[in-house]
Amino acid sequence: MRSREVREDTLGKGKFLLDLYRKALTLPDQDLYDYFLDHAVNLTKSKIGFFHFVSNDQKTIALTTWNKEALKNCTANYVNHYPMAEAGNWADRIRFKRPIIYNDFKNSPHQKGLPKGHVPLKRMLGIPIIEKGKTKAIFGVGNKKAPYTQRDIDQLELIGTELNRIITQRRADAELLESKEKYQLLFENMVDGFAFCQMIYDKQDKPRDFICLEVNQAFERILRVKKEHVLGKKATEVFRGFRNVDPHILNTLGLVASTGLEEKFELFIEPLKIWLAASAYSPQRGYFAVIVEDITQRKKAEEALKESEGQLKRSQEIAHVGSWELDLVANKLVWTDEVYRIFGLKPLEFDATYETFLSCVHPDDREIVDKTFNASLDEGNDNYEIDHRAVRKDTGEIRFVHEKCSHIRDKFGEVIRSVGMVQDITERKKAEQALRESEERLQLKLDSVLSPDIEIGENDLSNIIDVPSLQATMDHLYEVTNMGFALIDLKGKVLVGTGWQDICTKFHRVNPRTCKNCIESDIELSSGLKKGQISLYKCKNNMWDVVTPLFIGDKHVGNVFFGQFFFDDEVPNRELFAAQAEKYGFNKEEYLAAFDRIPRFSRKSIQELMVFYSRFSELVSKISHSNLKLAKNLNLQKELQEKLEDKAAEVEEYASQMEKLAEERARKLKDAERLSAIGATAGMVGHDIRNPLQAITGDIYLARLEIAKLPDNTSKQSMEESMLSIEENILYINKIVADLQDFAKPLNPRREQVNLSKAITDALAMVVVPKNIKVTINSDEKITALTADSTMIKRILVNLAQNAVQAMPKGGKLTITTTTKRHGIEIAIQDTGEGIPQEVQSKLFTPLMTTKSKGQGFGLAVVKRMTEAMGGTVTFETESGTGTKFILKFPA
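Residues numbered from 1 in each chain as written. Predicted model: local features only at pLDDT ≥ 70, side-chain atom pairs only at ≥ 80, totals over all residues. Heavy atoms only, no water.

> Give me the packing of helix 25 (residues 790-806) against helix 27 (residues 859-869): which residues, what numbers.
At a minimum axis separation of 9 Å, helix 25 and helix 27 run at an interaxial angle of 145 degrees. By crossing handedness, the relation of helix 25 to helix 27 is classed as left-handed. Taking contact as the criterion, the partners of Met792, Arg795, Ile796, Asn799, Leu800 and Asn803 in helix 25 are, on helix 27, Gly859, Leu860, Val862, Val863, Met866 and Thr867. Its residues assigned to classes, the contact of helix 25 with helix 27 comprises seven nonpolar, four polar and one charged. (Axes fitted to C-alpha atoms, helices over the stretch in contact; angles between N-to-C directions. Helix = DSSP H or I, 4+ residues; strand = E, 2+ residues; numbered from the N terminus. Left-handed = near helix turned anticlockwise from the far one by under 90°. Contact = heavy atoms within 4.5 Å. Nonpolar A, V, L, I, M, F, W, Y, C, P; charged D, E, K, R; others polar.)

> If you had to explain the packing of aromatic side chains to someone new, which residues and values would you point to?
Summed over the entire model, instances satisfying the criterion amount to 31 aromatic pairs. A centroid spacing of 5.1 Å and a plane angle of 80 degrees characterise the contact between Phe36 and Phe139, whose relative ring orientation is edge-to-face. Note that Phe36 is positioned in helix 2 (residues 29-43) and Phe139 in strand 6 (residues 134-142), a separation of 103 residues in sequence. Since its relative accessible area comes to 0%, Phe139 is described here as buried. With 5.3 Å between their ring centres and 80 degrees between their planes, Phe210 and Phe288 make a pair best called edge-to-face. Of this pair, Phe210 sits in strand 8 (residues 207-215) while Phe288 sits in strand 11 (residues 287-294), placing them 78 residues apart in sequence. (Phe/Tyr/Trp six-rings, centres within 6.5 Å; stacked < 30°, edge-to-face > 60°. Buried < 20%, exposed > 50% of the residue type's maximum accessible area, 1.4 Å probe, protein only.)

> Tell me about the pattern of salt bridges, and please be specific about residues and values.
Applying the stated criterion across every chain, the model contains 35 salt bridges. Residues Asp365 and Arg389 are paired through a salt bridge, measuring 3.0 Å at the closest nitrogen-oxygen approach. Of this pair, Asp365 sits in helix 13 (residues 363-378) while Arg389 is found in strand 14 (residues 383-391), placing the two residues 24 residues apart along the sequence. For Arg389, a relative accessible area of 23% translates into the label partly exposed. The residue Glu427 makes a salt bridge to Arg399 at a minimum N-O spacing of 3.9 Å. Of this pair, Glu427 sits in helix 14 (residues 426-450) while Arg399 sits in strand 15 (residues 398-409), placing them 28 residues apart in sequence. On the basis of relative accessible area, Glu427 is assigned to the partly exposed category, the value being 49%. (Salt bridge = Lys/Arg side-chain N within 4 Å of Asp/Glu carboxyl O.)

> How would you sum up the packing of helix 24 (residues 756-765) against helix 25? Please name residues and give values.
Their axes nearest at 9 Å, the elements helix 24 and helix 25 cross at an angle of 50 degrees. For the element pair helix 24 / helix 25, the angle class is oblique. Handedness of the crossing formed by helix 24 with helix 25: right-handed. Contact residues: helix 24 offers Leu756, Ala759, Ile760, Asp762, Ala763 and Leu764, while helix 25 offers Ile793, Lys794, Leu797, Val798 and Ala801. In terms of residue class, the contact of helix 24 with helix 25 is made up of nine nonpolar, no polar and two charged. (Parallel < 35°, antiparallel > 145°, perpendicular 65-115°, else oblique.)

> How would you sum up the sheet that holds strand 27 (residues 824-831)? Please name residues and give values.
The strands that make up a sheet are held in pairs by hydrogen bonds between backbone atoms, and each pair lies either parallel or antiparallel. Pairing is mixed in the open sheet, where five strands are placed in the order 24-26-27-29-28. The two strands at the open ends of the sheet, each matched to only one other strand, are strand 24 (773-778) and strand 28 (873-879). Mean inter-strand twist for the sheet, computed between neighbouring axes without regard to direction, equals 15 degrees. On top of the sheet, helix 24 reaches strand 24, strand 26 (812-821) and strand 27; it is set at about 160 degrees to strand 26, its chief contact. (Pairing = 2+ DSSP bridges.)

> Account for the nonpolar core, with residues named and values stated.
Judged by nonpolar contacts, the single largest core of 43 residues is most densely connected at Leu487, Ile503 and Phe562. Not counting residues within four places of it along the chain, the set of residues in contact with Phe562 comprises Met483, Gly484, Asp545, Val546, Phe601, Ile606, Leu609, Met610 and Tyr613. (Core = buried A, V, L, I, M, F, W, Y, C linked by side-chain atoms within 4.5 Å.)

> Describe the sheet that holds strand 9 (residues 263-269), with residues and values.
Read across the open sheet, the five strands follow the order 8-7-11-10-9; overall the sheet is antiparallel. Each edge of the open sheet carries a strand with a single partner, namely strand 8 and strand 9. On average, each strand axis in the sheet is tilted by 35 degrees relative to the strand beside it, whichever way the strands run. The pairing of strand 9 with strand 10 (residues 274-281) spans seven bridges and is classified as antiparallel. Across the sheet, residue Phe265 finds its bridge partner in strand 10, namely Ala278. Across the sheet, helix 9 (residues 247-259) is in contact with strand 7 (193-201), strand 8, strand 9, strand 10 and strand 11; its angle to strand 9 comes to roughly 150 degrees.

> Quick rundown of the side chain of Asn89? Include the residues and the values.
Relative to the elements of secondary structure, Asn89 occurs in the loop between strand 3 (81-83) and helix 4 (92-96). In contact with Asn89, not counting residues within four places along its chain, are Arg95, Tyr102, Phe105, Ser108, Pro109, His110, Gln111 and Met124.

> Tell me about empty space enclosed by the protein, residues and numbers included.
In total, this model carries four cavities of 30 Å³ or more according to the counting rule given. What lines the largest cavity is a set of 27 residues, among which Trp500, Asp545, Phe562, Gly563 and Gln564 lie closest to the centre. Among the elements of the structure, strand 17 (485-489), helix 17 (502-508), helix 18 (512-523) and strand 21 (555-567) are those that each provide at least two residues to the lining of the largest cavity. Space inside the second largest cavity adds up to approximately 150 Å³. In terms of lining residues, the second largest cavity is bounded by 14 residues, among which Trp324, Tyr354, Phe357, Tyr384 and Glu403 are the most central. Looking at the lining of the second largest cavity, the elements with two or more residues in it are strand 12 (321-327), strand 13 (332-335), helix 11 (337-343), helix 12 (354-360), helix 13 and strand 14. Class assignment for the residues of the lining of the second largest cavity results in 13 nonpolar, no polar and one charged. (1 Å grid on protein atoms, 1.4 Å probe; cavity = no way out; pocket = protein on both sides within 12 Å on 5 of 7 lines; lining within 4 Å. Points joined across faces, edges and corners; volume = space filled by probe spheres on them.)

> So what's going on with the layout of surface pockets? Which residues, and what values?
Put simply, the second largest pocket is a space of about 990 Å³. Along the wall of the second largest pocket there are 29 residues; nearest its centre are Glu131, Lys136, Arg171, Glu175 and Gln717. Those elements giving two or more residues to the lining of the second largest pocket turn out to be strand 1 (48-54), strand 6, helix 5 (150-188) and helix 23 (714-744). Ranked by residue count, the leading element in the lining of the second largest pocket is helix 5, at ten residues. Looking at the lining of the second largest pocket, its residues break down into four nonpolar, ten polar and 15 charged.

Here you go:
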């Protein structure tokens, strides 16, 4: 008889458990708990039963359900959550973590009294459902006619264990479903395109094609394809011109799929005229996932920047202007190429530091340059200018530069960065110096010529003739005739000379004794000549010279020479010159080599040349004489002075134009460098943060599937909690990346019909809203759709909702309201936070402006850019202690 009862109990339990699992497939949670509780009451032949959950901290009991009999006879008022501290002995199963039987409830221990209206209790059996050392739930039965026994405990524990398994599985399924929904939402709202593909290999295991298994909306938009036309198709069937793509790309993807290595590359899609940045990885062998970003605008910007930098570089080279920037905190100096050229340095050979710069300054100017710079810092000056000399490192040449500097200060007024320009003004300085010297020479000549106490013939020859012009003329003559020329005054000073022989320049004019011979020959042997007379003689160093006098008026002021030659019909005395080498201590071999180079001329050529020089001398005489007389005319002096002043004004105007050009180019360089930094940062974020981020998202999705297959235990729950935390942080990082890229890239909004209600719902799904914040959506039923860019609308709503949540750390209300106005549609996002401080309201939409400890300061700047790009406006209303409302207005 006993064995038959056991078999019947076993069959009954088995049938119930089977029914319980079937019910779990269709019934909601509450109905499932009621079904379970009814069976527990019937199984133990009790009258009443209850089922409640316990909080994770074991301090609160969530009153869940009672059986119908208990509810029929109970009129007590209950709250949903019952504190453990106030619970009587019916909660002992939680305290002791074991089943409790009170067959004489009236006299049972630990009583705290029943609430008024509670159903009377005679007997009670309570069972705890324990998991990981904590009571997860409790259920119990009461008022059985016979006393409760261990058999009742065994029966209830068995079915309670199975119910716990069902509850655990249901919660895991719900979390997985929520995770999948979040993943799908994140997947579909990715800014970058994503594709999951299977690689196709030929018989030699070489990649020849691939099949797209999954793509997101961004992939469709970037590649201009539809998902239904892509999934399950080969790339060669879907993408026009795929076979014309660089074979290296297909080989790279094949390598990723077969080895698991990650690869990054860029490619140009000729049919679409777009550039893509791709990052590929393999979640499993034979497959690959690729993230693609449209970088066409960035490529165009880079090309434009290169062109701009090239133009700036060419402009700086033409104007001899370079720019620099000094980071005083890091002691790092950045120079443009023209600065390196001005200082004679090579970028790869010298570190640009302030000390390097000072080493390039002329030693005599170094102290004043350093003092000027430091004084501008110490005295609070915002800028300074200075001219100084620099010594080129490569040649040792001294150059003149003009420096101009401006300081940038932090919020405390401390200089943290200095920017400036360097202009090579050497040619201007030389022109100014030449102009001064010319003025001095002219003044000296005029003072001398116009002096009433000095006759024309008493002036120095150098004050009478234009020595530089005459020297240039005779240089050209020597290039044509190869016959030299010399103009020497009566004191033996050589004023003009061409065609001097090495034997003179390297030997005779260097040695004091032979140089004395030269001067004596120039003065003594040529003295006493008359106008037009030509004299041929051998100098005291034994070479032929020919001389004709130069007269100014009737005064002999100098001589025109041609010398240092032999006649071609004579045999020079080589032994005589060898003896001279020994006599004067010359290197005999070099001296005789110079002797061998002495030119030979015919007597007829010399005669004709000297006739020319005689006439040339007479011509110079007449011109010089006329110029001297003309110089006495004061009107010429006035005209000359005016010309000099005009020239000086032109030089000053040129310098001013060069400085303005330098300032303009420096400003453009700073703007270009700023845009490049943001573009580089955005590019870096897109490639070095977002690509791994998307890969992590894909891996988490796959990991979720694997974790779901694991048996229920402590490790599984810990892994699921970690996955949830990672997903929340991915959403936050994705927002920061999106804000930065949206701020940096050009905005080209699409015009499409946007379901505003769905857009708000999708946006809120991407924001983690704490339980202490109540969300209310008030939608105007008249609004069917908004003409705008759906992706930008979601981004704007996500940013404003996220800001509202962060403004209410202690909880509050988040209200989103859409209304139809006369000229368009209005969306209001309102919170009940602390409001926006007065001092930051004017800068609220400024990039990098944030009052939060967690944030980059791009969120509201992106909101403003996107709203205005779609033809809308964004404003806000705020009140301290009441909250803030952001108002978006879009045209109808």
